[in-house]
Every structure is written in structure tokens, then in C-alpha cells.
Amino acid sequence: MDTLAPLVLLLPLAGFLVNALAGRVLPRRIVGLVGAGSVGLAFVASVAILVQVIGGHRLDQTYFTWWQTVDFNVPFNLYVDPVSTLMILVITGVGFLIHVYSIGYMAEDAGFARFFAYMNLFVFSMLLLVLSGNFVWLIIGWAGVGLSSYLLIGFWYQRPTAVLAARKAFVMNTIGDVGMVFAAFLVFLNLRVLDYNSVFSRIHQLPKGGTIITAICLLLLVGAVAKSAQLPLHTWLPDAMEGPTPVSALIHAATMVTAGVYLVARMHQLYDWAPAAATTVAIVGGVTAFFAATIGTSQVDIKRILAYSTMSQIGYMFLAVGIGAYTAGMFHFMTHAFFKALLFLAAGNVIHAFHDDQDIRHMGNLRAGLPITFWTFLIGTLSISGFPLFAGFFSKDEIIRAALSAAGSEFWLGVLALITAGLTAYYMFRLFFIAFGWEWLSRDERHLHEALPIQTIPVVILAAGAVVAGYIPVANFLQPVFGHAVEVGTGAFIGLAALSVLVALTGFLLAYLLHARRPELALQWRTRIAPLHALVEHKYYVDELYDLVFVRPGFALARFLNTIVEPRVIDGLVNGVASFFVVEAREFRLLQTGRVRSYGFVMLLGALGTVFLVVLFLGYLPVRLGG
Amino acid sequence: MVVGFAIVAAWELVTAAGVIGFRRPIYNALSLVANMLGLAVLFLMLNAQFLFAAQVIVYAGAVMVLFVFIIALLNPVSDLSLGRRGGEWVWGAVFGVIFAVLLAALLYNRGLTGKPGTFTPEAIGAVGNVQTIGIALYTRFLFPVEVTSVLLLVAAVGAVYLAMRRIR
Amino acid sequence: MPVPAYTFLMLSGVLFTMGAIGFLVRRNPLVVFMCIELMLNAVNLAFAAESRYLNSLDGVVFAFLVITVAAAEVVVGIAIIVQVYRAGRQMDVDELDLMKE
């Protein structure tokens, strides 16, 4: 395994290098082959690792020492356990399918090679993040995915909206990076080590629930919140939809945004030791889930709805890991990767069919024209809404069950999660009914055509996953890391399951009523609760708030610095130093008279001085030094 | 002995004043020759016979001759500096007085503090002054001697080159 | 030796001082040169005195080398002065300031 792990990392890196350096001159086929193939091979390697991990093997291998000074030793080590194995399987597996899809989706784009280079860079960084065995490389991978996200959101850089969105994402990500780095500082300061094994074994030296460990966990949470677009650092995610749809699928649905969840799961020993921080994680997750779901009910851009849905589902995952149900959180991560990627790719097909129009009000009645997309999207919607037998049902249920079976605030978060599940079903089916339509028309007048197989086959595969993934025994797989989940009685189990099905059904019916059967009712309702609707439609005006509080003052400060500080202070200082030398040189020039006599005079003066000093120090003068 | 020293010392001082004071360069040069000869006598008193000979032959006999030749050749006008009475001489006098006082303070009634060696006048006299110095030059001080010879070579070449150059 | 060492040294010092004064005051380059020679001679005297009173040969040898070097220096210096003369410039050290700056 110690060669497989770096192989998984190096394959996408190689793909990146090839496409970055030679992509312009290689034929598109090769570029696509390299781009998708490297990830595919990495997937194969991941499966091989999986086999070994199931057999009980682990890996914590140092490959070389990256940085070594007196106190500070940072190796490059990779850490393979069930959690990271699950992550790399999802990243490379789903990633591979999305790469294949992209070969078709981006076929007409001029930046084809650049796209695949960036995508491979992303996969490499994400794998690095996940496989890293110490805080430093974690942060390096963290920054790498942030960079790739920026590059890919702003991929169509001639679009001003895309550029702004990319910048926004990067700035918010950086806030999270700062939190991460400070957390690493605190870890090193208090524990003197940075690799996972050492850190985890030394955690108990710190007081449980004390300030230090809580601070570390909260700072890590800042990083997680930024990366996973949870409240309050969430505003970048909807804007990130400016990027190409495969980017949204891979980065902003399946993998990068889940890095925060991975972080908490990986650091679970830390969070177990700082209950206050863990509760904060859960609250952030629960509130974000609800908050995002409410916004999702009012949006009209297909990708934005999916973005808010992602935000909401990640909220679920945060809730899970916050209350200690790490296995449930990771399980939901896996199922979510399947159905969210599926939903995005299918949406991509729809967008392509409508020539890049993303407004769902312009769509409808897609069954005849885009049959495969229609059915796969339906499967995804059913899965995310938590319909029985689909993957989402199992994973979401586990989270809700874990929350409701706990006491205190966690119970109420569970109630919130249940309500959110209903909202999820509602807005997803609202999307489905408005965009895809429910009428069983057999003809379609708009002459839409289904996407190419290279785009539909991955979608179908993902749809299969969205159904089947629920049956994978993830809990058993992760048990060595997280221990057993809390058991509930059979009665409670069935009762809760029934309750969540009921809630999902309610949402579905409401959506059916308002958007399929009687759209005029929807309009009536909207006018009745107009202020509320406006609030939700404008995303609770958070963006506007941030603009007022942070962005404008920031720009004002930058302007001030640029026009006043820069020319006067900094340039003044530099020029001042230079002018000092000029003046000094000018004065000293006068010494160089060229006249022998003045030179000689100075020399003799020196001799005089020397004699004087000798006399002084040998005590020959009546004057004594120092009295 | 003391009387002899006093006479020679007086001679030295007078001729030195002459070196720095005369208006016409030829008188300066001749004063310097006289000064050097007085110095040679002092060397004799200090039991440095070899140095006495070297001083007379090389310094007074060759270097100063060169000086006199040049003065005769160039026939320079009398020095202008003495026209400006006051000015520079005052400064020079001030400097000189300070310097001399300091040196006097340093040297008055002090003995030499070096470590005494083994070459007493009797010991030297046993072997012979020139022989002793010769031995010393070519054994202990061989390197400086060689370097000095190179220096002389360089000076000769330099002088020839300088003399050859056409002045624009 | 009835004459104490320091008298030689003081004489040397006085001669040196006089040479220094002359060096600073005079403007004819030849005379300046001669003052330099005077200073060198004064130093030689000090060396010889040291050699005699400390019973060592170092001083004498050093003085000898000083004489040699002085000879070389005089040769080159005279050559320069001659060239200056031939170029028609003033025989005045204050005017010969081409090496300024």
C-alpha cells in the first residue's frame, strides 16, 4: 500500500502537468484521455487500497522529510484508514465519471486543455488534503483546492460575473485558511507535533473542554465553514455556479465542499475532547440546512437551486459530525456525492439543450425530448428527498435518528432537520415539476435533443449509485475508526423512519399541488406572503449585509492606502533613504580635492590622533581618562 | 660622548630647519645632504657601522645626487608658498608644536620596552658588523630582501616607462 | 652608553615633526619630496637607536630596507615630477589636482 497511496496522488498530478504544459498542442482526444484517464487509474489504485483496508491494513508512512529544523519537523506522510479510503474512492470514482462527462460537455470550448489541467490539479489537491498525515500538508491541500476552485469558477474569464464570483470564493476561502493555520499554530504550540498520530495521542494532555482545545476546534471550524459554504461564510457558493457545470458537480457538490465534513471527521478525537466546539458544529450545520432549504424554495436558476440544496445537505453532514455521529455524516457524504453529482450533470444536459439558459421557468415538458436526463434527474430528486429505498433515505434518516435520540439541543436540531427534510422534498420537486414537467406528452415541439452518450452514460451510472449506495455497509467499514453508532430500539427505528417518509411525502404533495396541478395557487400564496417571500428570494439579504459591512469599507481602505499611504509614506521612505545617500555622497565628494597637501594633512592628523591615543592610554599625560 | 651627541643633534636640527625653510630648492637639497651626513654620524655612535656606510653611499650619495641633478635640470623657480606669509606657516607651526609635545610626553624619560636581544655591541664586534648584518639579511630576513629587490625592479621599470611617455 | 635612549628618540621625533611641517607648508613638489625624505630619515634614526639599546639587529635591518625603499620611491617620484615639468604645468602641488573626485 505504500506505493499505491502515492500513486493515487501522482496520477492526477501527472495528468495536470501533461495537460498544463502540452495541452495546447495535443489533440483533444489525448487531452481528454489523459485528464479522465489519470483520475480513472487513480480510482483503480483506490480500489486496490480499499481491498487492503478491508483486510485490516492501515498506512501511516513517511516518504521524506519535508522541513526540518530544531523543533519543527514536518514530514511528508500519507495516512490511509477507512475514512480516507472512503474519501479517495468517492473523489476518484465520482471524479472519473465527471471527467468523462466533461469530455462531451466542454467539447466546443476553446479552453479544453486548460479545463482538464485545472480539474486534474483539483483532484490532486483534494487527494492530498485527504491523504495527508499531518496538519501542514492538510493545509497545503486545502489551499490547493481553494486555488483550483478559483481557477475553475473563473474559467470563462472573459465574463465579469465569473471573475467576480471566483474572487469572492477565494476571499472567503482565505478567511477559512487563516482559521486553519491558526489552529495548526495552536496545535504546535501546545503539543509540539503536527502529524496526526502524535497529535491524537497527545490530545489527552490538554484539559478536556478547556480553552485551548476548544479554540483549536473552533478555528478548524472556521476553515470548514468557509470551505463547505456554511453559515456565515456561505455566500460564495451560489455565485460559484458561474463555473462550468462539471465544475459545480465535482467541486461544489461532491468533493471540495465536503472537505469541511472530512476535517471534522478526521479530527474527531479533538472534537470529542471539546464538546462545546462540537455542539457549535452541529448548530452551524442544522441552522444552515434549514436556512439554505428555505432559500431554495424561491430560486429560479436551476444551478442555484442545486447549490442551495448542496449547502443544505452539507448542513446535515455537519450536524451529524457535530453530535458525534461521524459514521452517519460520512455515509451521507457518500450518498450525497452520488445524487448531487447526478443532479448537476443532468442539469448540465438540460442547460446544454437550452443553449445555456438556466432559468427553469423557460423549461418544462422535457420527458419526450430528453428522456434519459428526465428519468435520471427524477431518480436523483427522489434520492435527495429521502424516499424509501433510495440512497438518500438511508443516510438522511441515520442522521435524523442520531439527532433525535440524543438529549438537549441535539434533539431540537433533529426536529429542525426533520422540518428541513420536508422542505428539501418540497423545493426539489418544485424544481422538478417546473423544469421537467409532469405531463406525459409524447411529442416535443422544441426539437430538443438528448445529450451524447459520453454525457449520458456517466449520469446513468451515477443514478444507479444514487439508488444502490444506500445499501453499502459503510457503518461496518468505518466502525474501526468511529466505533458503533448509538443503537435505538426497533420501535423507535420504525417510528422515525415512518415519520421521515411522511415528512418527505408532505413536501412532495405540496410541490405537486402548487407547481404541477394548480400553479395559480402558487402565485396566490406568493403574493400573500410577499415580504417573507422577498426575504427568502433575496437570500435573507446576507450578501447585501456583507457588502455594506465588509466590502465597501475594505475598498475604501484600499483606496486610502493606494492614494495616500503608498506615495507619501512608503515611497517617501524609500526615496528618503536614497536621497540620504545622495546627499551624503555629495558631501563626501568634497574630500576628494585632488591636492596632495590636504591628503597629507589628513594623514598626519591621523598620526597625531594615534599618538595622542597612545599617550592617553599609557598614562603619560597629566590627564587621566575617567577621572 | 654626550658632548658629541649634543653637537650632532644641534647640527641635525639646524639642517632640518634649512630643509624646510629655504626659499630656493637647491639650498633645501644641500641642507638635506648635510642632514643625512649628520645622521650617518649618529649611526656611527649607535654602533651601526653598516648603516653609516649605507646612508652615506646610497642615501646621501645616490638619492640626493639625483635630487640635485633634477633641481639643476629643471631650475624651478623659488617656491611661491613663502610669499604668503602667515597662513600656512601658522597652521604648520601649530600642528608641529602639538605633535612635538605629544611625542615628547611620550618619550621623555622612558626606556625602550622591547625584549632585549643578544646582539650586544661586543657580540657584534666579535663577528664583525657587516658580517652580522649580512648573515641576518640572508637568513632571517631573506623574504623582505627578496621583496625589496622586486620593488626596486618595479621602480626601475616604472621610471623608464614614465620617462618614455610623450606628453600631450 | 651615557646618552640615554630617549634622547635619540626625541631627536627623531623632532626631526619627524619638522619634516611634517615642511610637507604641509611647502608648495614646490621637489621640496615636499625632500621633506618626506627627512621624515624617513628620522624614522631610521629611531630604528637604529632601538637596535642599539635593545641589542638586536631588527632595527638596523629594517632601517636598511627603508633606505632601499626610499630610493625606489624617489626614482619614481622624480620621474613623475619631471613629466609634470615637461607637460608645462605649474610646479605647485596645489595646482596638480587632476585626481580630484
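Position numbers for residues count from 1 along each chain, tracking the sequence in the order it is written. Just so you know, chain letters begin at A and ligand numbers begin at 1, following the order they were written in. Predicted model: local features are reported for residues with pLDDT of at least 70 only, side-chain atom pairs are reported and counted for 80 or more only, and whole-chain, interface and lining totals are derived from all residues.

Draft legend 1. Spotlight on the nonpolar core. Only buried Ala, Val, Leu, Ile, Met, Phe, Trp, Tyr and Cys residues enter a nonpolar core, and they are joined through C-beta atoms within 7 Å. Field definition: a residue is buried when 20 or more other C-beta atoms are found within 10 Å of its C-beta, exposed when 12 or fewer are, and partly exposed for counts in between, with C-beta atoms placed from the backbone. If you look at the biggest cluster of nonpolar residues, it comprises 203 residues, and the most contacted ones within it are Leu127, Leu319, Ala341, Leu342 and Ala417 of chain A. At 18 residues, the largest contribution of residues to this core is made by helix α15 (residues 326-353) of chain A. Leave out the neighbours within four places in its chain, and Leu342 of chain A touches Thr376, Gly380, Val459, Leu462, Ala463 and Ala466 of chain A. Counting 72 residues, the second-largest nonpolar core is a separate cluster that includes Val33 and Leu39 of chain B together with Ala20 and Phe64 of chain C. Starting at the N terminus, helices and strands are each numbered in turn, a helix being any DSSP run of H or I of at least four residues and a strand any DSSP run of E of at least two. Note on contacts: each residue gets a C-beta atom placed from the backbone, and two residues are in contact if those atoms are within 7 Å.

Draft legend 2. Just unusual backbone geometry, in detail. For the bond from Leu231 of chain A to Pro232 of chain A, the omega torsion is -10 degrees, close enough to zero to count as cis. Inspection of the secondary structure puts Pro232 of chain A in the loop between α8 (211-228) and α9 (236-239). The phi torsion at Ala229 of chain A lies on the positive side, around 55 degrees, for a residue other than glycine. Counting through the fold element by element, Ala229 of chain A comes out in the loop between α8 and α9. Its identity is not glycine, yet Asn47 of chain B carries a phi of approximately 60 degrees, on the positive side.

Draft legend 3. Inspection of the interface of chain B and chain C at higher detail. Listed as interface residues are 78 residues of chain B and, on the opposing side, 62 residues of chain C. Mapped onto the side of chain B that touches chain C, the elements with two or more residues apiece are α1 (2-21), α2 (25-45), α3 (49-74), α4 (87-107), α6 (129-139) and α7 (142-164) of chain B. If one sorts the elements of the side of chain B that touches chain C by residue count, α3 of chain B sits on top with 13 residues. Polarity classes work like this: nonpolar for Ala, Val, Leu, Ile, Met, Phe, Trp, Tyr, Cys and Pro, charged for Asp, Glu, Lys and Arg, and polar for all others, with Gly in that last group. In the side of chain B that touches chain C, the residues fall into 57 nonpolar, 16 polar and 5 charged.

Draft legend 4. Layout of the confidence of the model for chain C. Values of pLDDT, which run from 0 to 100, indicate the predictor's confidence residue by residue. Chain-level statistics for chain C give a pLDDT mean of 86 and a share of 93% at 70 or above. For chain C, the element scoring lowest by mean pLDDT is helix α1 (residues 5-25) of chain C, at 88; helix α2 (residues 29-53) of chain C scores highest, at 91.

Draft legend 5. Seen up close, the packing of α3 of chain B against helix α3 (residues 58-86) of chain C. Only the stretch in contact is used when a helix axis is fitted, and all axes are lines through C-alpha atoms; the angle between N-to-C directions ranges over 0 to 180 degrees. At a minimum axis distance of 10 Å, the contact between α3 of chain B and α3 of chain C shows a crossing angle of 5 degrees. Taken together, α3 of chain B and α3 of chain C sit at an angle that is classed as roughly parallel. Between α3 of chain B and α3 of chain C, the contacting residues are Phe50, Leu51, Ala54, Gln55, Val58, Tyr59, Ala62, Val63, Leu66, Ile70 and Leu74 of chain B on the first element and Val60, Ala63, Phe64, Ile67, Ala70, Ala71, Val74, Ile78, Val82 and Tyr85 of chain C on the second. Along the lines of polarity and charge, the residues of the contact of α3 of chain B with α3 of chain C split into 20 nonpolar, 1 polar and no charged. When describing relative orientation, an angle under 35 degrees is termed roughly parallel and one over 145 degrees roughly antiparallel, while 65 to 115 degrees is termed roughly perpendicular and anything else oblique.

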